[in-house]
Amino acid sequence: MKSVEVLVVEDQAIVAADLAAQLRRLHYKVAAVVSTGEEALELVLRRKPSLVLMDIKLAGDVDGIEAASRIQTELAIPVIFVSAHSDEATLTRAKATGPYGYLIKPFEPTELRTTIEVALYKHQIDSKLKDSAQWFATTLRAIGDGVITTDSQGLVTFMNPVAESLTGWTEVEALGKRLVEVFCASEESTGQAIEHEQVYRLPNESQPCRRVNLRLVGKGGVQTAIEETAAPLRNSDGTLMGLVLVFRDTGERKRAEAALRKAFDEMEMRVQQRTEDLSQANSSLRAEIRQRQLLERCLLGISEQEQIRIGQDLHDGLGQRLTGIAFLSKSLEQKLQEQELPEAIDGARLTDLINEVILQTKELARGLHPVDAEPTGLMTALSRWADHITSVFDLSCRFECLEPVRMTDNALATQLYRIAQEAAHNAVKHACATQMTIRLTAEGELLILSVHDNGTGLSGEPSAAGGMGFQIMRHRAEAIGAALNIQSSPREGTHVICSIPTVRETPFRGSQHKYET
């Protein structure tokens, strides 16, 4: 264990010698004994002791309080004042420097030891808190979204570089200014200014508020299309500490969407023009339709792969980092509790908030990547989905798979899972079902996925059902080369059956595969 070096600053030689002797008896190493503030500053810079015992009244131009202020501010070394003065004026000046202790002469060796140990521990905790704050600040400055934070009065306390770029304000210029001065946004459609003061007026409001299609006017008049999420920040007793505002530039995305719409409109126009002369362009039109279907399959596969990638990044990257932060936060909380410091409450609240974010991150990752890459991933995902339906909604849902079904194509397994998911959603939202069965079987050359509920069913012909849910299921089934059959009646509920060959020559992902039972 590293020995503790203590610098003694005392202008009375006898007192200084006695204090040094006490320190040695307490097994502390005395770095030096000096009598002026100037000497103390020079020696601290050279030796960098663990702690400084500083007399307030010193000879020379620099007294103990001024020397202590510079030592703690510039060199981050803890200082304990040792003085015979306890008047209000002296205490007020001393407190302003943020000392780690104050000993009134004369004092007992036990007082000296206790004060030194508490000061060293408090300095260690302060250093860790500063490191943690620096870590969070560095993280916020590195992300791709703009971030602005305020205090409970709505005054800006932090801006990251992206926020500086989008608003035109530097962090130095914005600090201490009202949020409405720095962040001037309005609704794109109505021009109505966005106000965040409602967060401060609603004492129980704690949910993030997300707004899209906004127009941000920067300091130089530059306008940017953005979307934002504003969330109040509260401490453990619910008191509002400030606001966190996260926003991003959506202009590029909107331009891409406009270009995509334009391209789609142009394609539709070409189809309509060629339809007018169907007899002459029939073969060409069929080729174009096949190409479009192939493109839709590719886009569907790319979309699922991108969701899987994002889900894995959330789980393996952000999730693990947050877990590490949670461990550090819990350790800090326990240390604060052991010292019976009031900051322990805030530490506990911080730990709870981090754990909530970890849970939300895992849920989001699971929604983006529901089917694991293992051959039995589809079985596991469907079983998990049935348990979710049972726990969240007022109905009984069970998963049946009499023989194990293994799939080597995760993308295709994901599409089958999405079909079952959509069928279950329809039963919950529209059919008022109370019982549901999800079944996965292999019969001969077919893999069959079925979802059966006892809901109200359809009054018309199931094949003509035009709801968005049925359209999505048909689209997914067509993209993977599966047959979708929907059987429904008011008395027997709805039975969705998706069947696909167990061995296929045209795989969904472009490489041959099969399913094993």
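The shown structure was predicted, so the numbers you read here are calculated from the model rather than taken from an experiment.

### Some details on the confidence of the model for the chain
Then, number 1: Across the chain, the average pLDDT comes to 79, with 80% of residues at 70 or higher.
Then, number 2: Across the chain, strand 12 (residues 396-400) holds the top mean pLDDT of 91, while strand 18 (residues 515-516) sits lowest at 48.
Then, number 3: This model gives residues 510-517 a pLDDT under 50, and the stretch forms 25 contacts once residues within four places in sequence are excluded.

### A closer look at the pairing of strand 17 (residues 493-501)
Then, number 1: Buried residues dominate strand 17, accounting for 8 of its 9 residues.
Then, number 2: Inspection of the sheet shows strand 15 (residues 446-453) paired to strand 17 by 8 bridges, in the antiparallel sense. Looking at the pairing, Leu449 lines up with Cys498 of strand 17.
Then, number 3: One ladder, built from 7 bridges, connects strand 16 (residues 483-489) with strand 17; its direction is antiparallel. Note on strand 17: the bridge partner recorded for Asn485 is Ile497.
Then, number 4: Where strand 16 hands over to strand 17, the hairpin turn is made up of 3 residues, counted between the paired strands.

### What to know about helix 1 (residues 13-25)
Then, number 1: Taking 1.5 Å as the rise per residue, helix 1 with 13 residues should run 18 Å; its terminal C-alpha atoms sit 18 Å apart, in good agreement.
Then, number 2: Just downstream of helix 1, His27 is the residue with a positive phi angle, here 70°.

### Concerning the pattern of salt bridges
Then, number 1: Across all of its chains, the model carries 16 salt bridges by this definition.
Then, number 2: The residue Lys105 makes a salt bridge to Asp55 at a minimum N-O spacing of 3.8 Å. Taken together, the residues Lys105 in the loop between strand 5 (101-104) and helix 5 (109-142) and Asp55 in strand 3 (residues 51-55) connect sequence positions 50 residues apart.
Then, number 3: On the basis of relative accessible area, Asp55 is assigned to the buried category, the value being 5%.

### Brief notes about the nonpolar core
Then, number 1: Counting residues in hydrophobic clusters, the biggest one holds 40 residues, and the most contacted among them are Leu378, Leu382, Met407, Leu416, Met436, Ile438 and Leu440.
Then, number 2: If you list the elements that add at least two residues to this core, you get helix 13 (377-392), strand 12, helix 14 (410-429), strand 14 (435-443), strand 15, helix 15 (468-479) and strand 17.
Then, number 3: A per-element tally of this core places helix 14 first, with 10 residues.
Then, number 4: Not counting residues up to four positions away in its chain, the partners in contact with Met436 are Leu395, Ser396, Cys397, Arg398, Ala424, Ala427, Val428, Val451, His452 and Asp453.
Then, number 5: In this structure, Val44, Val52, Ile77 and Val79 belong to the second largest nonpolar core, which totals 21 residues.

Rules used throughout
- Residues numbered from 1 in each chain as written.
- Predicted model: local features only at pLDDT ≥ 70, side-chain atom pairs only at ≥ 80, totals over all residues.
- Heavy atoms only, no water.
- pLDDT = per-residue confidence, 0-100.
- Helix = DSSP H or I, 4+ residues; strand = E, 2+ residues; numbered from the N terminus.
- Contact = heavy atoms within 4.5 Å.
- Buried < 20%, exposed > 50% of the residue type's maximum accessible area, 1.4 Å probe, protein only.
- Pairing = 2+ DSSP bridges.
- Expected span 1.5 Å × (residues − 1).
- Salt bridge = Lys/Arg side-chain N within 4 Å of Asp/Glu carboxyl O.
- Core = buried A, V, L, I, M, F, W, Y, C linked by side-chain atoms within 4.5 Å.

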